[in-house]
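# Structural characterization, general
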Amino acid sequence: MEDKEHGSCGPGLSRRSFLTMAGAVGVGALLCSHAPQVAAAIENSSTKLVWLKGAGCGGCTASFLNGGNPEILSALGKIKLDLAYHEGLMAQQGIFVEGVAENTEAYNSILKLRNIINNEKYILVVEGAILNGPDGTGKYSMIGGRPFKDIFKDAASGASGILAVGTCASFGGISKASGSDIDARGVGYTGTSRIKGMLGELGINNKVVNVPGCPAHPDWILLTLADMIMDADMELDMYHRPKAFFGDSSVHDSCPRRGYFDRAERDTGFAGGKCLYEMGCKGPLAHADCPVRRWNGGVNMCTQSGGPCIACVEPEFPDAFSPFFSKAENREIFSGIDVNTGAKIILGASVLGAGIHAIKRLAIGESYRDELDSREKKKDDMKRRP
Ligand code: SF4
Ligand code: SF4
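Residue numbering note: each chain is counted from 1, following its sequence as written. Each chain takes a letter, starting from A, and each ligand takes a number, starting from 1, following the order in which they are written. In keeping with the predicted nature of the model, local features appear solely for residues at pLDDT of at least 70, side-chain atom pairs appear and are counted solely at 80 or more, and the whole-chain, interface and lining totals rest on all residues. Only hydrogens and water are removed before side-chain values are computed, so all heavy atoms of the structure are retained for them.

## Brief notes about the side chain of Arg257
Examined against the element boundaries, Arg257 turns out to sit in the loop between helix 9 (218–229) and helix 10 (258–262). Working definition: with a 1.4 Å probe on protein chains only, accessible area under 20% of the residue-type maximum means buried, over 50% means exposed, and in between means partly exposed. The buried category is assigned to Arg257, whose relative accessible area is 11%. For this analysis, a polar contact is any N or O atom pair within 3.5 Å, provided that within protein one partner can donate a hydrogen and the other can accept it, and provided that sequence-adjacent residues contribute only side-chain to side-chain pairs. One polar contact links the side chain of Arg257 to the main-chain carbonyl oxygen of Gln304, over a distance of 3.3 Å. Whether two residues are in contact is decided by their heavy atoms: any pair within 4.5 Å suffices. Among residues more than four places away in sequence, those in contact with Arg257 are Asp267, Gly273, Lys274, Cys275, Leu276, Thr303, Gln304, Ser305 and Gly306. Each helix corresponds to a stretch of at least 4 residues labelled H or I by DSSP, and each strand to a stretch of at least 2 residues labelled E; elements are numbered beginning at the N terminus.

Structure (structure tokens):
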């Protein structure tokens, strides 16, 4: 029965954004007190998920399957997530099964996808970048004889919502790294450019929610999906990431090694146990809740385990943050600000809060864009040479 005051989600959990509430009280606390209502809301949903895989390693599917937060798992036990189409997980095999053409969607994945797109309400989940090359044809990435770009176009046009999972789908990620000539695009953005996102390229006016990460954390995927299925209007940042996970706080702000940074005790080799800034840590530039949420069922996270953060959730990953094991200022990531000033900015960030983060974001973008301009100029110069 519908709760008149709070909509169909039961007492205490209205149809207003689940993630907004999660941001206010913490996802763990919210799920502890509201898991049955979240489950009920999603259980009643008839929305299907169509999960398409473009150019990527498949790590986000593996991460999705590894959901380890006990509260979420107990909620998921009751959630009817109708994963109607996922090329990596479903039984259908394409047009041919053991060499024989199949004409029913029980076996033929192309028919199944067509049927869902034409007849069902669905949320489109995209993993991996969408290749636009060569020359805008998308033929560098073919599935069942069709460019993946065209399959994406069909599915994106009719979706009730689009979720880009992982940094490749969100921003191009590793697939668009420097040196790649395949013209890899994110769903809604390529790097920080919305115009170059595949939706913009195809002229599709459908909203995308980005859950980046290399891979994306299973909690980020599952909880964002829950919010989308509940039709809630979650708060997003300037790159369409849910603020509940990718807010103004950086990895550095809550890093378990932060005390060492503040005391200027930094490792100069691996396995030292202190701050990893000298080892190339980009935690001050990464906006994600990894230190609070942690990975592998809340056990550990990159800097805690001794690996520098490589800012895998940012739009300009990986180019703006590589080489991964060199100090940020070596890449002029602070736009020419020297190391001491940079350290002071980072230190001040915890005091000044969101303002300084915005400045840092701009600094990364400006520095990276300058470099891209200079690379483009070099390419043009090379072409002009006889
Ligand atoms: S620089 Fe990296 S390792 Fe050091 S405190 Fe910040 S996030 Fe942690
Ligand atoms: S700590 Fe940094 S590199 Fe590791 S998952 Fe989080 S954002 Fe990515």
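## Some thoughts on the pairing of strand 11 (residues 208–211)
Each regular strand displays side chains that alternate between the two surfaces of the sheet. Of the two faces of strand 11, the one holding Val208 and Asn210 and the one holding Val209 and Val211 are both buried throughout. Strands qualify as paired when DSSP identifies two bridges or more between them. In this sheet, strand 11 lies alongside strand 9 (residues 161–165) in parallel orientation, the contact comprising four bridges. Within strand 11, the residue paired with Ala164 across the bridge is Asn210.

## Remarks on the nonpolar core
Among buried residues, the Ala, Val, Leu, Ile, Met, Phe, Trp, Tyr and Cys ones that are joined through side-chain atoms within 4.5 Å form a nonpolar core. Formed by 39 residues in total, the largest nonpolar core has its most connected members in Leu163, Val165, Trp220, Ile221 and Leu225. Residue assignment for this core shows that the elements contributing at least two residues are strand 1 (48–53), helix 3 (59–65), strand 5 (122–127), strand 9, strand 11 and helix 9. The element that contributes the greatest number of residues to this core is helix 9, accounting for seven residues. In this view, Trp220 contacts Val211, Pro212, Gly213, Phe245, Phe246, Ala288, Asp289, Cys290, Arg293, Trp295 and Val313; residues no more than four positions away in its chain are not counted. With 26 residues, the next largest nonpolar core counts Ala84, Ile151, Ala155 and Ile162 among its residues.

## A look at the site of ligand 1
Working definition: residue near molecule or strand if any one of its non-hydrogen atoms lies within 4 Å of it. For ligand 1, the full set of nearby residues is His252, Cys255, Arg257, Arg258, Phe261, Cys275, Leu276, Tyr277, Cys281 and Gly283. Classification used: nonpolar for Ala, Val, Leu, Ile, Met, Phe, Trp, Tyr, Cys and Pro, charged for Asp, Glu, Lys and Arg, polar for all others including Gly. Along the lines of polarity and charge, the residues of the shell around ligand 1 split into six nonpolar, two polar and two charged.

## A look at the sheet that holds strand 11
Taken in spatial order, the five strands make up an open sheet running 2-1-5-9-11, and their pairing is parallel. Two strands bound the open sheet, and with one partner strand each, they are strand 2 (82–86) and strand 11. For this sheet the average axis-to-axis angle between neighbouring strands, irrespective of direction, equals 25°. Taken together, the four bridges between strand 1 and strand 2 define a ladder with parallel strand orientation. Bridge assignment links Leu49 to a residue of strand 2, and that residue is Leu83. Comment: axis = line fitted to C-alpha atoms, over the contacting stretch for helices; angle = value between 0 and 180 degrees taken between N-to-C directions.

## Examining the UniProt feature "binding site: [4Fe-4S] cluster 2" (unreviewed entry) in the chain
The sites that carry the UniProt feature "binding site: [4Fe-4S] cluster 2" (unreviewed entry) are, in the present numbering, His252, Cys255, Cys275 and Cys281. Taken along the chain, the residues just named run across 30 residues; in space they keep tight, none of their C-alpha pairs more than 11.1 Å apart. Structurally, His252 can be placed in the loop between helix 9 and helix 10. Residue classification places His252 among the buried positions, given a relative accessible area of 7%. A polar contact of 3.3 Å, which involves the side chain of His252, links it to the side chain of Arg258. For Cys281, the location among the structural elements is in the loop between helix 10 and helix 11 (290–293). Given a relative accessible area of 9%, Cys281 falls into the buried group. Excluding anything up to four places from it in sequence, Cys281 contacts Leu276, Thr303, Pro308 and Cys309. UniProt positions are given in the numbering used here, feature names are shortened, and annotations may be inferred rather than shown by experiment.

## Details of helix 5 (residues 109–119)
Turn by turn, an α-helix covers 3.6 residues, leaving residues three or four places apart pointing in a common direction. Buried residues of helix 5: Ser109, Lys112, Leu113, Ile116 and Ile117, and no others. Looking straight down helix 5, one finds its buried side chains confined to an arc of 125°; they lie on one side. Residues of helix 5 that are exposed and point over 90 degrees away from its buried face: Asn118 and Asn119. Those residues of helix 5 that are buried are in contact with strand 1, strand 2, strand 5 and helix 6 (148–158). N-cap assignment for helix 5: the residue whose side-chain oxygen lies 2.9 Å from the backbone N of Ile110 is Asn108. Directions pointing from the helix axis toward each C-beta atom define the arc.

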